[in-house]
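Each chain, written out:
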Amino acid sequence: MGVNMGLLPTKGLTLPLLSYGRTSLLVTLAWWLTHPSALAVREGHVTAVTTPGRAVYVGMVSGSEIDRTLRLGGVHVRTEATVPVEVVPLLCRGGSLSVTSDAAPFCPDLVDPTGQQLRPGDSVVIRVTGQEAGAAYVGRVSLAFRNGLQVGTQPAGTRAVVAIVPPTTS
């Protein structure tokens with residue numbers, strides 16, 4: 001149809017699974033086997049507030065968003081901040097949280113995600129700490145992973161805004 005409408009050339013196009021016999025079939029199959037489906041992303045952002053020197057934990061990828069087991073090669077976090085901040089990605093085994101300064105009640109097992117398996121019911125959180133008042137803008141985490149033969153690095157979850165405010169005095 002595209003050729004008849006003049007949108008595609010009349011020669012030189014291979015049709016997946018049809019043209020060039022087994023070669024096209026093998027290339028198409030190899031591509032399909034090695035390219036994973038997209039991970040879930042959420043619109044909007046999570047807002048967190050903390051004071052200087054006090055860590056805040058922010059849930060970035062919820063356990064309900066994970067529909068398969070992924071072998072994590074790493075979790076990459078892009079942050080822009082008005083002051084120096086430390087942002088550490090963590091894997092929450094068997095729990096999830098939105099925003100808290102004490103992750104223990106929600107995540108009994110917080111570990112470095114590199115080399116770990118992310119399973120349904122697990123979540124990815126970040127720990128943000130700043131020593132002075134300011135703000136941090138955190139983009140979606142990027143998960144580098146393997147799922148069987150499939151390998152990918154994809155954005156997942158949501159964004160976050162963390163405000164670091166001086167403690168109030170009475």
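Model, not experiment: these values are computed from the prediction.

Colleague: Would you take a moment to explain the pairing of strand E9 (residues 123-130) for this structure?
Modeller: The two faces of the sheet receive side chains in turn, since in a regular strand these alternate between them. For E9, the buried fraction is high: 7 of the 8 residues fall into the buried class. In the sheet, strand E2 (residues 56-61) pairs with E9 via 5 bridges, with the strands oriented antiparallel. Along E9, the bridge assignment pairs Tyr57 with Arg127. Two strands pair when backbone bridges link them, and strand E5 (residues 85-93) and E9 are joined in this way by 8 bridges, in the antiparallel orientation. The residue bridging Val88 from the neighbouring strand is Arg127, located in E9.

Colleague: It is not clear to me how the pattern of salt bridges should be interpreted in this structure. Could you clarify?
Modeller: Think of it this way: side chains of opposite charge can pair up when their charged atoms draw near. Per the counting criterion, the structure on display carries 5 salt bridges. Ionic pairing is found between Glu43 and Arg140, a salt bridge with its closest N-O pair at 3.7 Å. Of this pair, Glu43 sits in strand E1 (residues 41-50) while Arg140 sits in the loop between strand E10 (134-138) and strand E11 (141-147), placing them 97 residues apart in sequence. Judged by its relative accessible area of 19%, Arg140 is buried.

Colleague: Help me understand the environment of Tyr137 in this model?
Modeller: Position of Tyr137 among the secondary structure elements: in strand E10. Remark: the alpha-carbon pair of Tyr137 and Thr47, spanning 90 residues in sequence, is separated by 9.6 Å. In contact with Tyr137, other than residues within four places in its own chain, are Arg78, Thr79, Glu80, Ala160 and Val161.

How each quantity is defined
Residues numbered from 1 in each chain as written. Predicted model: local features only at pLDDT ≥ 70, side-chain atom pairs only at ≥ 80, totals over all residues. Heavy atoms only, no water. Buried < 20%, exposed > 50% of the residue type's maximum accessible area, 1.4 Å probe, protein only. Helix = DSSP H or I, 4+ residues; strand = E, 2+ residues; numbered from the N terminus. Pairing = 2+ DSSP bridges. Salt bridge = Lys/Arg side-chain N within 4 Å of Asp/Glu carboxyl O. Contact = heavy atoms within 4.5 Å.

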